[in-house]
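Examination of the molecular architecture
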Amino acid sequence: SLEDVFLTIAKKAEADEAKATNQTTIVHLKTGEQVGVLLGQEEWETSLLGTTFQVVWGTDKEGSLMPVSTIEKKTKDKTVTVTCPDGIQAGQNVEVSADGQQFQVTI
């Protein structure tokens, strides 16, 4: 509908402005964590305690973006032993592959 198109355009404009001005909001995760996220951020993020989540956004009565809920992924702790490549020093990033996933690791 025309209203849905208008709301989509308005949400995108507000999210773009929030990104440009670094405007954040607090999201409450089911784990009890409170996480600051960029207003309108739709990509998956990981909290400091390791909870991977995505925010579902809606609008309030004035049409401003607000977090409606979160989708959270359960992650399992995994220990991986990696041998530091020759020539890599402390503070450098190295790409590590484990179980088909790529990770950036700081030595």
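What about the environment of Thr24?
You can see Thr24 is positioned in strand 1 (residues 24-28). For the pair formed by Thr24 and Val37, sequence separation is 13 residues and the distance between their alpha carbons is 5.2 Å. Excluding residues within four positions of it along the chain, Thr24 makes contact with Val37, Leu38 and Leu39.

Observations concerning the pairing of strand 4 (residues 52-59)
Burial analysis of strand 4 places six of its eight residues in the buried class, which makes it a mostly covered element. Hairpin connection of strand 3 (residues 45-46) to strand 4: five residues between the antiparallel strands, including Gly50 at a positive phi of 95°. For strand 4 and strand 5 (residues 65-73), the ladder comprises eight bridges, and the chain directions are antiparallel. Counterpart to Trp57 in the pairing with strand 5 is Pro67.

Structural notes on the pairing of strand 1
As judged from the five bridges shared by strand 1 and strand 2 (residues 34-38), these two strands associate in the antiparallel manner. Its bridge partner being in strand 2, Thr25 is matched across the sheet by Val37.

Calculation rules
- Residues numbered from 1 in each chain as written.
- Predicted model: local features only at pLDDT ≥ 70, side-chain atom pairs only at ≥ 80, totals over all residues.
- Heavy atoms only, no water.
- Helix = DSSP H or I, 4+ residues; strand = E, 2+ residues; numbered from the N terminus.
- Contact = heavy atoms within 4.5 Å.
- Buried < 20%, exposed > 50% of the residue type's maximum accessible area, 1.4 Å probe, protein only.
- Pairing = 2+ DSSP bridges.

Purely spatial values, then, with no claim about function.
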